[in-house]
Amino acid sequence: MNDQEEQQKNITAGARFVGVVIGCVFGGIGLLVLGFLWSRPFGAFHSPPLFFRLFGSLIAIPFVLIGGFTAFRSLTARGNGLTGVKAKASRKAPAKQKRKYACPHCNAPIGEDSDVSPHGDVKCSYCKNWFNIHGD
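Residues numbered from 1 in each chain as written. Predicted model: local features only at pLDDT ≥ 70, side-chain atom pairs only at ≥ 80, totals over all residues. Heavy atoms only, no water.

**Student:** I tried to follow the overall build of the protein on my own but got confused; where do I start?
**Tutor:** A count of helical and extended segments in the protein gives two helices and three strands. Residues counted as buried form 21% of the 136 residues belonging to the protein. Counting only contacts in the protein whose residues sit at least 6 apart along the sequence, the fraction spanning at least 24 positions is 40%. As displayed, the protein has an accessible area near 10900 Å², and 63% of this comes from carbon and sulfur atoms. (Helix = DSSP H or I, 4+ residues; strand = E, 2+ residues; numbered from the N terminus. Buried < 20%, exposed > 50% of the residue type's maximum accessible area, 1.4 Å probe, protein only. Contact = heavy atoms within 4.5 Å. Areas by Shrake-Rupley, 256 points an atom, 1.4 Å probe, with all protein chains shown as cover.)

**Student:** Honestly, the side chain of R53 in this entry has me stumped. Any pointers?
**Tutor:** As for its placement among the helices and strands, R53 is situated in helix α2 (residues 50-75). Excluding anything up to four places from it in sequence, R53 contacts L37, W38, R40, P41, F42, S47 and P48.

**Student:** Teacher, can you tell me more about the packing of aromatic side chains here?
**Tutor:** In this description, an aromatic ring pair is defined by two values, namely the gap between the centres and the angle between the planes. Counted by the stated rule, this structure contains four aromatic pairs. When the ring of F26 is compared with that of F63, the centres are 5.6 Å apart and the planes differ by 20 degrees; the resulting orientation is stacked. Note that F26 is positioned in helix α1 (residues 3-39) and F63 in helix α2, a separation of 37 residues in sequence. Note on F63: relative accessible area 29%, which makes it partly exposed. Following the ring pairs from residue to residue traces out a cluster consisting of F51, F52 and F55. (Phe/Tyr/Trp six-rings, centres within 6.5 Å; stacked < 30°, edge-to-face > 60°.)

**Student:** Looking at this structure, how should I read the UniProt feature "transmembrane region" (unreviewed entry) in the protein?
**Tutor:** Under the UniProt annotation, "transmembrane region" (unreviewed entry) lies at residues 17-38 and 50-72. Note that residues 17-38 is 100% helix and 0% strand, and that its end C-alpha atoms are spaced 31 Å apart. The span residues 50-72 carries 100% helix and 0% strand; its end-to-end C-alpha distance comes to 32 Å. (UniProt positions renumbered as here; feature names shortened; annotations may be inferred.)

**Student:** How should I be thinking about α2 in this particular structure?
**Tutor:** Working note: α-helix, 3.6 residues per turn, so residues spaced by three or four point in the same direction. Under the 1.5 Å per step criterion, the end-to-end length of α2 is 37 Å for 26 residues, consistent within 8% with the ideal 38 Å. Of the residues making up α2, those classed as buried are R53, G56, S57, A60, G67, A71 and S74. (Expected span 1.5 Å × (residues − 1).)

**Student:** Is there a simple way to think about the sheet that holds strand β3 (residues 130-132) in this case?
**Tutor:** In sheet architecture, strand pairing relies on hydrogen bonds along the backbone and comes in two forms, parallel and antiparallel. Here three strands make up an open sheet; going across it, the order is β1-β2-β3 and the pairing antiparallel. Edge positions in the sheet fall to β1 (115-116) and β3, since each of these pairs with one other strand and no more. (Pairing = 2+ DSSP bridges.)

**Student:** Looking at this structure, I do not really get the confidence of the model for the protein. What am I missing?
**Tutor:** Caution applies to low-pLDDT regions: their predicted coordinates should not be interpreted in detail. Scored by pLDDT, the protein has a mean of 80; 77% of the residues are at 70 or more. Highest mean pLDDT in the protein belongs to α2 (92); lowest belongs to β1 (78). (pLDDT = per-residue confidence, 0-100.)

**Student:** Help me understand the environment of R53 in this model?
**Tutor:** With relative accessibility at 0%, the residue R53 sits in the buried group. Separated by 15 residues in sequence, R53 and W38 place their C-alpha atoms 6.9 Å apart. At 3.2 Å, the side chain of R53 forms a polar contact with the backbone oxygen of L37. (Polar contact = N/O pair within 3.5 Å; in protein donor to acceptor, adjacent residues only side chain to side chain.)

**Student:** Just checking my understanding: could you explain the environment of G56 for this structure?
**Tutor:** Mapped onto the fold, G56 is located in helix α2. Spatially, the C-alpha atom of G56 lies 9.9 Å from that of F36, the residues being 20 residues apart in sequence. Setting aside residues no more than four positions away along its own chain, G56 makes contact with V33 and L37.

Shown next as structure tokens:
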């Protein structure tokens with residue numbers, strides 16, 4: 001194993017660890033709020049009213065779900081861009097191809113020194129004719 005592969009493995013392990021920690025923190029916050037809201041007996045001193053119990057629960061439930069999903073996804077990452085783990089059937093995206101434009105009058109390639117307007121009008125540096133790269 002070369003140094004680059006070992007460094008990538010360390011980055012992957014670190015990213016997974018961070019994802020698990022963040023997920024556990026968010027999930028723990030949600031569970032703590034839910035536990036506090038519903039563990040108090042109804043009608044006792046300093047007991048939250050039912051409205052606040054329901055409202056707080058609606059806020060805490062997404063924390064638990066998102067935190068749990070984040071921790072689970074970090075542990076079982078497949079094809080995750082953050083961790084660098086590739087999926088089993090990964091496909092390479094086609095590389096962006098740079099368009100090659102040519103003058104329709106003389107068929108000369110359009111160089112870097114050609115004049116171009118914001119609307120796509122180009123002046124050929126060879127024959128000095130104007131044309132539009134959009135074809136209209």
